[in-house]
Amino acid sequence: MRDADSAEADTIAALVISAYCDYRPSLTAENWQAMESGLSKAGRIEHAHNIVAECDGAMAGYVAYFPPGNSSPKLFEPAWASIRLLAVSPACRGQGLARLLTETCIERAQRDGAATIGLHTSEVMTRARALYERMGFREARELPAMFGLRYWQYRLDL
């Protein structure tokens, strides 16, 4: 795990898009195009701390961590820390990288004095939701639909 360099933004975006391609069949072409457009901004999101996981010297995972006070007010309470765009390269799945990236964010949130860390996830992200629940995150509320999918806010009290 390490902080990403700003010069790696294009590599991060490509990794995130590749990881999220699994969800493409569940979306209309228009919704996939909208999602992909948002994903292409990974590595360039204001106030995000970009964290990457490496495997055999190559970038294999990514997550955007937002310290308390920097989370999206549409998704989270202002005082919460938050996690966005967790992604693991399809070639590197099953090695615990998603858990390690999430644990890194939790550790940073604790260091930053957050009482809660949040994330949001959708109905098609079943593996991610199962991981978050195993880690102690709990569904807090349903969010407005995005990309034609149901989304939920999850929280972990620290």
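Relevant structure appears above.
What counts, and at which threshold
- Residues numbered from 1 in each chain as written.
- Predicted model: local features only at pLDDT ≥ 70, side-chain atom pairs only at ≥ 80, totals over all residues.
- Heavy atoms only, no water.
- Pairing = 2+ DSSP bridges.
- Helix = DSSP H or I, 4+ residues; strand = E, 2+ residues; numbered from the N terminus.
- Contact = heavy atoms within 4.5 Å.
- Axes fitted to C-alpha atoms, helices over the stretch in contact; angles between N-to-C directions.
- Buried < 20%, exposed > 50% of the residue type's maximum accessible area, 1.4 Å probe, protein only.
- Lys, Arg positive; Asp, Glu negative; His and termini not counted.
- Salt bridge = Lys/Arg side-chain N within 4 Å of Asp/Glu carboxyl O.
- Polar contact = N/O pair within 3.5 Å; in protein donor to acceptor, adjacent residues only side chain to side chain.
- Phe/Tyr/Trp six-rings, centres within 6.5 Å; stacked < 30°, edge-to-face > 60°.
- Parallel < 35°, antiparallel > 145°, perpendicular 65-115°, else oblique.
- Left-handed = near helix turned anticlockwise from the far one by under 90°.
- Nonpolar A, V, L, I, M, F, W, Y, C, P; charged D, E, K, R; others polar.

K.L.:
Explain the sheet that holds strand 1 (residues 2-3) to me, please; I cannot follow it from the model alone.
P.N.:
By way of backbone hydrogen bonds, the strands of a sheet pair with one another, either parallel or antiparallel. Judged by pairing direction, the sheet is mixed, and its seven strands sit side by side in the order 1-2-3-4-5-7-6 without closing on themselves. Strands with a single pairing partner mark the edges of an open sheet, and in this sheet they are strand 1 and strand 6 (138-146). Judged from the seven bridges that link them, strand 5 (residues 116-122) and strand 7 (residues 149-157) form a sheet pairing that is antiparallel. Within strand 7, the residue paired with leucine 119 across the bridge is tyrosine 154. Running over the sheet, helix 4 (residues 126-134) touches strand 4 (81-88), strand 5, strand 6 and strand 7 and is turned about 155° from strand 5.

K.L.:
What's the story with the side chain of arginine 129 in this structure? I'm lost.
P.N.:
Its location among the elements puts arginine 129 in helix 4. Summary of buried charges: arginine 129 has no salt-bridge partner, and the nearest side chain of opposite charge, glutamate 133, is 4.9 Å away. From its side chain, arginine 129 meets the backbone oxygen of glutamate 123 in a polar contact 3.0 Å long. The contacts of arginine 129, once residues within four sequence positions are left out, are Thr121, Ser122, Glu123, Val124, Trp152 and Tyr154.

K.L.:
How do you make sense of the packing of aromatic side chains when you look at a structure like this?
P.N.:
Note on aromatic pairs: each is described by the distance of the centres and the angle between the planes. With the rule as written, the count across this model stands at three aromatic pairs. With a centroid separation of 6.2 Å and 40° between ring planes, the pair formed by phenylalanine 76 and tryptophan 80 is classed as tilted. Exposure class is identical for phenylalanine 76 and tryptophan 80. Each is buried. Where tyrosine 132 meets phenylalanine 137, the ring centres are 5.8 Å apart and the plane angle is 65°; that geometry is what we call edge-to-face. Both residues of the pair, tyrosine 132 and phenylalanine 137, count as buried.

K.L.:
Before we go on, may I ask you to explain the packing of helix 3 (residues 97-111) against helix 4 in this structure?
P.N.:
Any two packed helices are characterised by the angle at which their axes cross and by the distance between the axes. For the pair helix 3 and helix 4, interaxial distance at closest approach is 11 Å and the crossing angle is 50°. With respect to helix 4, the element helix 3 is oriented oblique. The two elements helix 3 and helix 4 cross, and the hand of that crossing is right-handed. For the pair formed by helix 3 and helix 4, the contact residues are Ala98, Arg99 and Thr102 on the first element and Leu131, Tyr132 and Arg134 on the second. Class assignment of the residues belonging to the contact of helix 3 with helix 4 gives a composition of three nonpolar, one polar and two charged.

Interpretation note: all reported values are geometric properties and have no functional meaning in isolation.
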